[in-house]
Amino acid sequence: MKKLMLVGKTGSGKTSLTQRLTGDNFGYKKTQAVDYCGHVIDTPGEYIENRVYYKALIVSSYDADIIALVQEATATESLYPPGFAEAFNKDVIGIVTKVDLSEDTTAAEQYLKTAGAAKIYKVSNTQQVGIDTIKALLEESAV
């Protein structure tokens, strides 16, 4: 199984997605440091919110096969600089979370495309929409 690293702002749904992907109990938990949970690497939101931590994201990415930039469907702005995906020597995908809260995910998808995500996936952690698609991606031999 491939290892996935999740990058996104605080509250974007990274830890909830980690819980769904790994079968852990589903519930709120603040990620304080890089958390290795089986085949998922959950990073603190502060790592994308503060440029000084970009190096920590890059170093942490060495343990991953796929980098996922996570963006809430309801977000009105993006913290990802244009072309941010180029900082990683890995396949970079985008994951739009909380799709159950917004019918229109166009802005979130555009933020991820601008950041350089190659493919976009949509999930709802509470409704468990799209979780199986991400699991299948991690089981594939190639992205």
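Computed from a predicted structure; not experimentally measured.

A. Summary view of the packing of aromatic side chains. Counted under the stated rule, the structure contains four aromatic pairs. Seen from their ring centres, F84 and F88 are 5.5 Å apart, and the 80° between their planes marks the pair as edge-to-face. Note on accessibility: F84 and F88 belong to one class, buried. Taken together through their ring pairs, the aromatic side chains of Y54, Y80, F84 and F88 make up a single cluster.

B. Representation of the nonpolar core in the model. Counting residues in hydrophobic clusters, the biggest one holds 38 residues, and the most contacted among them are L4, L69, Y80, F84 and I95. No other element matches the five residues that strand β4 (residues 66-72) contributes to this core. Other than its neighbours up to four places away in sequence, L69 contacts V7, Y80, F84, V92, I93, G94, I95, L112 and A115.

Calculation notes
Residues numbered from 1 in each chain as written. Predicted model: local features only at pLDDT ≥ 70, side-chain atom pairs only at ≥ 80, totals over all residues. Heavy atoms only, no water. Phe/Tyr/Trp six-rings, centres within 6.5 Å; stacked < 30°, edge-to-face > 60°. Buried < 20%, exposed > 50% of the residue type's maximum accessible area, 1.4 Å probe, protein only. Core = buried A, V, L, I, M, F, W, Y, C linked by side-chain atoms within 4.5 Å. Helix = DSSP H or I, 4+ residues; strand = E, 2+ residues; numbered from the N terminus. Contact = heavy atoms within 4.5 Å.

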